[in-house]
Amino acid sequence: MMPINLRRPYVAGQFYPDDALELKSMIAAWLAPEVSKKNCLGCILPHAGYAYSGKVAADTVAQIEIKDSLVLFGPNHTGQGKDFSLMAQGTWQTPLGNIEIDRQLAELFLAKSKYLQKDCRAHAQEHSLEVQLPILQYFRQDFKIVPIIFSSVDLFELKQVAEELAAVVIAHDLKSSIMFIASSDLTHYEPQSSAEFKDALAIRAILDLDEQKLHQAVEESQISMCGFAPIAVLIMTAKLLGAKQGELIKYQTSGQTSGDRSSVVGYAGITIC
């Protein structure tokens with residue numbers, strides 16, 4: 001029987017292989033033989049085509065103990081849906097199998113928040129969360145997700161959402177079973193040297209867990225990162241739950257894959273613990 005509210009893959013065969021064996025083989029080829037894992041509150045992963053950013057994401061996820069429920073934060077590239085869009089029930093399909101939405105956790109967030117709203121439209125054709133899932137599934141099959149897409153970049157509103165999310169985690173003693181994942185690429189379509197300079201500013205602010213510093217860097221240096229909102233909410237939520245530091249796992253640009261360094265996109269994998 002077909003699951004109700006089945007979210008089918010939208011960019012399989014484009015951003016990543018739609019064949020399970022090919023997909024697993026691609027991910028396996030990126031990984032070091034042995035990597036120690038750590039318990040983290042969250043991480044930041046890129047969301048471009050796997051040829052460009054997949055290794056950054058895989059190397060980062062390889063170092064994390066994937067928890068039971070993953071709260072996914074992504075930017076809205078399509079303009080569809082609510083400003084704070086949470087898909088509260090259903091199943092997400094990937095070439096590596098189906099992933100259930102953690103309906104109970106989603107309802108707890110919705111009950112606490114004055115910003116989050118039930119919405120499927122923002123998720124239907126949005127790639128920023130979808131591309132994370134096969135890499136996560138490569139390392140663990142039985143997690144659940146709560147997908148959230150942000151259109152607003154208002155720092156006050158984002159802070160309120162972070163406080164609401166953290167309050168639910170604390171009130172229900174969920175810290176050990178939840179982690180937060182923010183999806184973002186960094187500088188878009190600038191020369192390699194410019195992208196590296198701007199991305200270093202953003203990464204420094206993230207490692208310092210300083211959302212104000214990140215906001216300032218984005219505004220003053222005109223950093224064209226698409227996921228400021230997801231990253232800001234991750235930083236603020238994680239700090240409320242006791243996070244102390246960020247660690248850069250890997251950084252690269254599309255130029256290192258394409259060979260064209262005249263117009264690149266930057267990608268970073270960062271853990272927050």
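Residues numbered from 1 in each chain as written. Predicted model: local features only at pLDDT ≥ 70, side-chain atom pairs only at ≥ 80, totals over all residues. Heavy atoms only, no water.

(A) Fine view of the overall build of the protein chain. For the protein chain, the count of helices and strands is 11 helices and 12 strands. The dimensions of the protein chain, computed from C-alpha atoms along their principal axes, are 45 × 45 × 40 Å. Within the protein chain, the proportion of its 273 residues that are buried is 55%. Carbon and sulfur atoms make up 47% of the accessible area of the protein chain, which totals about 11,500 Å². Of the side chains in the protein chain, 24 bear a positive and 31 a negative charge, and the two mean positions are spaced by 4 Å. (Helix = DSSP H or I, 4+ residues; strand = E, 2+ residues; numbered from the N terminus. Buried < 20%, exposed > 50% of the residue type's maximum accessible area, 1.4 Å probe, protein only. Areas by Shrake-Rupley, 256 points an atom, 1.4 Å probe, with all protein chains shown as cover. Lys, Arg positive; Asp, Glu negative; His and termini not counted. Charge placed at Lys NZ, Arg CZ, Asp CG, Glu CD.)

(B) Structural view of the state of the cysteines. Applying the stated rule across the entire model yields one disulfide. Between Cys 40 and Cys 273 runs a disulfide, and the two sulfur atoms are separated by 2.3 Å. Of the two residues, Cys 40 sits in the loop between helix H1 (20-30) and strand E2 (42-45) while Cys 273 sits in the segment after strand E12 (264-272), which places them 233 residues apart along the sequence. Take Cys 226: it sits in no disulfide, and the sulfur closest to it among the cysteines is that of Cys 43, at 15 Å. Given the relative accessible area of 23%, Cys 226 is considered partly exposed. (Disulfide = S-S within 2.5 Å.)

(C) Region of interest: the pairing of E2. Every second residue of E2 is oriented toward a common face, with Gly 42 and Ile 44 on one face and Cys 43 and Leu 45 on the other, all of them buried. The pairing of E2 with strand E9 (residues 178-183) spans four bridges and is classified as parallel. What sits directly across from Leu 45, in E9, is Ser 183. Of the strand pairs in this sheet, E2 and E12 are connected by three bridges, and their pairing is antiparallel. Residue Ile 44 lies in a different strand from E12, and its bridge partner there is Ile 270. (Pairing = 2+ DSSP bridges.)

(D) Seen up close, the packing of H1 against helix H2 (residues 50-61). Between H1 and H2, whose axes approach to 9 Å, the crossing angle comes to 65°. Helix-helix and strand crossings are classified by hand; for H1 and H2 the assignment is right-handed. Residues Leu 23, Met 26, Ile 27 and Trp 30 of H1 lie in contact with H2, whose contacting residues are Tyr 50, Gly 54, Lys 55, Ala 58 and Asp 59. (Axes fitted to C-alpha atoms, helices over the stretch in contact; angles between N-to-C directions. Left-handed = near helix turned anticlockwise from the far one by under 90°. Contact = heavy atoms within 4.5 Å.)

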